[in-house]
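Listed below, chain by chain, are the residues.
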Amino acid sequence: MATATTVRPVQRKPLPAGLPREWYESHNRRLKAMRLAISLLDSGTYDARRATNRKIRTMAVRTGLRRPSNVTCTMVRAFIREG
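All values derive from a computational prediction rather than experimental measurement.

Caption draft 1: Structural context of the overall build of the chain. Across its full length, the chain carries 3 helices and 0 strands. Ordered by position from the N terminus, the helices and strands of the chain form the series α-α-α. A compact globule built from 83 residues would reach a C-alpha radius of gyration of about 12 Å, whereas the chain, at 15 Å, exceeds it by more than 25%. Across the chain, contacts joining residues at least 24 apart in sequence account for 56% of those joining residues at least 6 apart. Averaging the locations of the 18 positively and 5 negatively charged side chains of the chain gives two centres separated by 6 Å.

Caption draft 2: The arrangement of the pattern of salt bridges in detail. Under the definition given, this model contains 2 salt bridges. With its nearest N and O atoms 3.0 Å apart, the salt bridge here joins Glu25 to Arg21. Within this pair, Glu25 and its partner Arg21 are both found in helix H1 (residues 21-43), separated by 4 residues, close to a single helical turn. Assessed through its relative accessible area of 42%, Glu25 is described here as partly exposed. The residue Arg49 makes a salt bridge to Asp47 at a minimum N-O spacing of 3.2 Å. For Arg49, a relative accessible area of 73% puts it in the exposed group. For Asp47, a relative accessible area of 25% translates into the label partly exposed.

What counts and how
- Residues numbered from 1 in each chain as written.
- Predicted model: local features only at pLDDT ≥ 70, side-chain atom pairs only at ≥ 80, totals over all residues.
- Heavy atoms only, no water.
- Helix = DSSP H or I, 4+ residues; strand = E, 2+ residues; numbered from the N terminus.
- Rg over C-alpha atoms; globule rule 2.2 N^0.38 Å.
- Contact = heavy atoms within 4.5 Å.
- Lys, Arg positive; Asp, Glu negative; His and termini not counted.
- Charge placed at Lys NZ, Arg CZ, Asp CG, Glu CD.
- Salt bridge = Lys/Arg side-chain N within 4 Å of Asp/Glu carboxyl O.
- Buried < 20%, exposed > 50% of the residue type's maximum accessible area, 1.4 Å probe, protein only.

Here's what the structure looks like:
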């Protein structure tokens, strides 16, 4: 019989201090795009062409994220293409 394994969440580390604001913005944008890409893949959207801005933004509402920008939507499609 298979036993269930418990996965512990990754312990978060504070972001490094003293970097330019653009670094923090791009870092958070990449994290948001990755979360959305994972949610879309889990929901069955495996093709980047089917991941329209509307579908990505709807998924953001479902997962409790703020409305992503066009740049973030493009990053989501890039993550789906690479995965």
